[in-house]
Amino acid sequence: MLKAVNRKKVIAWGVLFLVILSIFLASYFEEDNLLKDEAIKMGDSYYCKDIETQFIKEKCYKIIEKKKELLANCQSKYGEKAKQCNNLAY
């Protein structure tokens, strides 16, 4: 009986710790994620350089590079001002 109560307390404290940790990490990485989102939306790596967290910065550059590659492929296939490419351009 006593072990079951202790196990429940350990599980409850563990869950509480994980919730607090996730809230802290979400707020810690929020600015970097906003910069990454802005860079992706604008299709420009200018915003990536201001990101402080290395793994987010690397992912930002990688996504922008891929987006530019897709845009170039679309424009070469449909033309420079094609409507099909608008979702990649902006």
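Anything mentioned here points back to the structure above.
Since we're looking at a predicted model, the values are computed, not measured.

Visitor: Teacher, can you tell me more about the nonpolar core here?
Guide: Phe29, Leu35, Ala39, Cys48, Ile51, Ile56, Cys60 and Ile64 together form the largest nonpolar core, which totals eight residues. Mapped onto this core, the elements with two or more residues apiece are helix H1 (2–42) and helix H2 (54–78). For Leu35, the residues in contact, after removing those within four places along its chain, are Tyr47, Asp50 and Ile51.

Visitor: Sorry if this is basic, but what is going on with the packing of aromatic side chains here?
Guide: Aromatic ring pairs are reported here in terms of the distance separating the ring centres and the angle at which the planes meet. If you walk through the whole model with that rule in mind, you get four aromatic pairs. Judged by centre distance (5.6 Å) and plane angle (80 degrees), the ring pair of Phe29 and Phe55 falls under edge-to-face. Highlighted residues: Phe29 in helix H1 and Phe55 in helix H2, separated in sequence by 26 residues. For Phe29, a relative accessible area of 19% puts it in the buried group. Note on Tyr46 and Tyr47: the rings are 5.4 Å apart at their centroids and 80 degrees apart in plane angle, and the pair reads as edge-to-face. A residue is classified by how much of its surface remains accessible, and Tyr47, at 24% relative accessible area, is partly exposed. By way of ring pairs, the aromatic residues Phe24, Tyr28, Phe29 and Phe55 are connected into one cluster.

Visitor: For this particular structure, what's the right way to read the state of the cysteines?
Guide: Note on terminology: a disulfide is the covalent bond linking the sulfur atoms of two cysteines. If you walk through the whole model with that rule in mind, you get one disulfide. Bridging Cys48 to Cys60, the disulfide has an S-S length of 1.9 Å. Torsion about the S-S bond of the Cys48 and Cys60 cystine: about -65 degrees, corresponding to left-handed handedness. Here Cys48 is found in the loop between H1 and H2, whereas its partner Cys60 is found in helix H2, with twelve residues between them in sequence. For the pair formed by Cys48 and Cys60, the shared burial category is buried.

Visitor: In this structure, what is going on with a nonpolar patch on the surface? I would like to understand it.
Guide: Taken together, Phe17, Leu18, Leu21, Phe24, Leu25 and Tyr28 make up a surface patch of nonpolar side chains, about 630 Å² in accessible area. Within the fold, Tyr28 resides in helix H1.

Visitor: Got a minute to help me understand the pattern of salt bridges in this structure?
Guide: Pairing is possible between side chains that carry opposite charge, provided their charged atoms lie close to one another. All told, the structure shown has three salt bridges when counted by the stated rule. The salt bridge partner of Asp50 is Lys49, with a shortest N-O separation of 3.5 Å. Here Glu69 makes a salt bridge to Lys66, at a shortest N to O gap of 3.9 Å. Taken together, the residues span about one helical turn, with Glu69 and Lys66 both in helix H2 at a distance of three residues.

What counts, and where the lines are drawn
Residues numbered from 1 in each chain as written. Predicted model: local features only at pLDDT ≥ 70, side-chain atom pairs only at ≥ 80, totals over all residues. Heavy atoms only, no water. Core = buried A, V, L, I, M, F, W, Y, C linked by side-chain atoms within 4.5 Å. Buried < 20%, exposed > 50% of the residue type's maximum accessible area, 1.4 Å probe, protein only. Helix = DSSP H or I, 4+ residues; strand = E, 2+ residues; numbered from the N terminus. Contact = heavy atoms within 4.5 Å. Phe/Tyr/Trp six-rings, centres within 6.5 Å; stacked < 30°, edge-to-face > 60°. Disulfide = S-S within 2.5 Å. Patch = residues over 30% accessible without salt bridge, like charges linked within 9 Å, V, L, I, M, F, W, Y side chains within 5 Å. Areas by Shrake-Rupley, 256 points an atom, 1.4 Å probe, with all protein chains shown as cover. Salt bridge = Lys/Arg side-chain N within 4 Å of Asp/Glu carboxyl O.

No statement about biological role is implied by the geometric values presented.
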